[in-house]
Amino acid sequence: AKAPALLELWENQTASALAYAIVSACAVIDFGAVIIDTSLSAYIRQRLVQKTNDALTELNLQGLHRPEINPGSLGYEARVRGGGLLPLYENFAPHPGILTKL
């Protein structure tokens, strides 16, 4: 099924921006994988993963490890679960504040 033109444009722009962000992050830290998740449909999430992979092939990754790009599965719950983990890390991480004091 063909995506509507506006959705296709948004996906292409988003995938390009994600690819640049991934390359920038990988220039600092070698990530083995990147998870792309969204509260949008699984169809759109999968298309973003594929288009981001395609966009990465157009960027210069010389000297960088190319991470795997995988779809997430939490959707809209990701922000809530991540926020819920902060108190646990604050109280039980080997170095309290490891996630909140960057």
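Conventions we followed
Note on numbering: residues in each chain are counted from 1, in written sequence order. Whole-chain, interface and lining totals are the exception, using all residues; otherwise, since this is a predicted model, local features are given only for residues with pLDDT of at least 70 and side-chain atom pairs are given and counted only at 80 or more. To obtain the side-chain values, all non-hydrogen atoms of the structure were used and water was disregarded. The nonpolar core is taken to be a set of buried Ala, Val, Leu, Ile, Met, Phe, Trp, Tyr and Cys residues, with the residues joined through side-chain atoms within 4.5 Å. For each residue, the accessible area found with a 1.4 Å probe, counting protein chains only, is set against the maximum for its type, and the residue is called buried under 20%, exposed over 50%, and partly exposed in between. Helix and strand assignments come from DSSP, with helices taken as H or I runs of at least 4 residues and strands as E runs of at least 2, each series counted from the N terminus. What makes two residues a contact is simply this: any of their non-hydrogen atoms within 4.5 Å. In this analysis, strands are considered paired if DSSP registers two or more bridges between them. With the strands pointing away from the viewer, any crossover whose connection runs clockwise from the first strand over the helix to the second is right-handed. What pLDDT conveys is the predictor's confidence in a given residue, as a value from 0 to 100. Exposure above 30% relative accessible area and the absence of a salt bridge qualify a residue for a patch, where like charges join within 9 Å and nonpolar side chains (Val, Leu, Ile, Met, Phe, Trp, Tyr) within 5 Å. Throughout, the Shrake-Rupley method with a 1.4 Å probe supplies accessible areas, and for residues the shown protein chains are the sole cover considered. Any Lys or Arg side-chain nitrogen located within 4 Å of an Asp or Glu carboxyl oxygen qualifies as a salt bridge. Expected helix span is taken as 1.5 Å per residue step, with the number of steps being one fewer than the number of residues.

A. Molecular detail of the nonpolar core. Core analysis: the largest hydrophobic core is formed by 14 residues, its most contacted members being Ile-22, Ile-36, Leu-56 and Ile-69. Those elements that place two or more of their residues in this core are α1 (5–26), β1 (33–36) and α2 (42–57). Here this core gets five residues from one element, more than from any other, and that element is α2. The contacts of Leu-56, once residues within four sequence positions are left out, are Ala-19, Ile-22, Val-23, Leu-61, Arg-66 and Ile-69.

B. Molecular detail of the environment of Ala-78. For Ala-78, the location among the structural elements is in helix α3 (residues 77–92). Note: C-alpha distance between Ala-78 and Thr-38 (40 residues apart in sequence) is 8.4 Å.

C. Local environment of the environment of Ser-73. Mapped onto the fold, Ser-73 is located in the loop between β2 (68–71) and α3. C-alpha separation for the pair Ser-73 and Ser-39, spaced 34 residues apart in sequence, amounts to 9.4 Å.

D. Up close: the environment of Ser-16. Residue position: Ser-16 is located in helix α1. Taking the C-alpha atoms as reference, Ser-16 lies 9.5 Å from Glu-58; in sequence the two are 42 residues apart.

E. Expanded view of the pairing of β2. Pairing of β1 with β2 involves four bridges; the strand directions are parallel. Counted as the bridge partner of Ile-36 is Pro-71 from β2. Handedness of the β1-α2-β2 crossover: right-handed.

F. Looking closely at the confidence of the model for the protein. Chain-level statistics for the protein give a pLDDT mean of 87 and a share of 89% at 70 or above. Least confident of the elements in the protein is α3, whose mean pLDDT is 79; most confident is β2, at 96.

G. Just the side chain of Thr-52, in detail. By the element assignment, Thr-52 lies in helix α2. We classify Thr-52 as buried; its relative accessible area is 0%. Setting aside chain neighbours within four positions, we find Thr-52 in contact with Ala-15, Leu-18, Ala-19, Ile-22, Ile-36 and Ile-69.

H. Focus on a nonpolar patch on the surface. Taken together, the side chains of Leu-85, Leu-88, Tyr-89 and Phe-92 present a nonpolar region at the surface, about 430 Å² in accessible area. With respect to the helices, strands and loops of the structure, Leu-85 is situated in helix α3.

I. Representation of α1 in the model. The first and last C-alpha atoms of α1 sit 31 Å apart over 22 residues, in line with the 32 Å expected at 1.5 Å per residue. Residues of α1 that are buried: Glu-11, Thr-14, Ala-15, Ala-19, Ile-22, Val-23 and Cys-26. Of the surrounding elements, those touching the buried residues of α1 are β1, α2 and β2.

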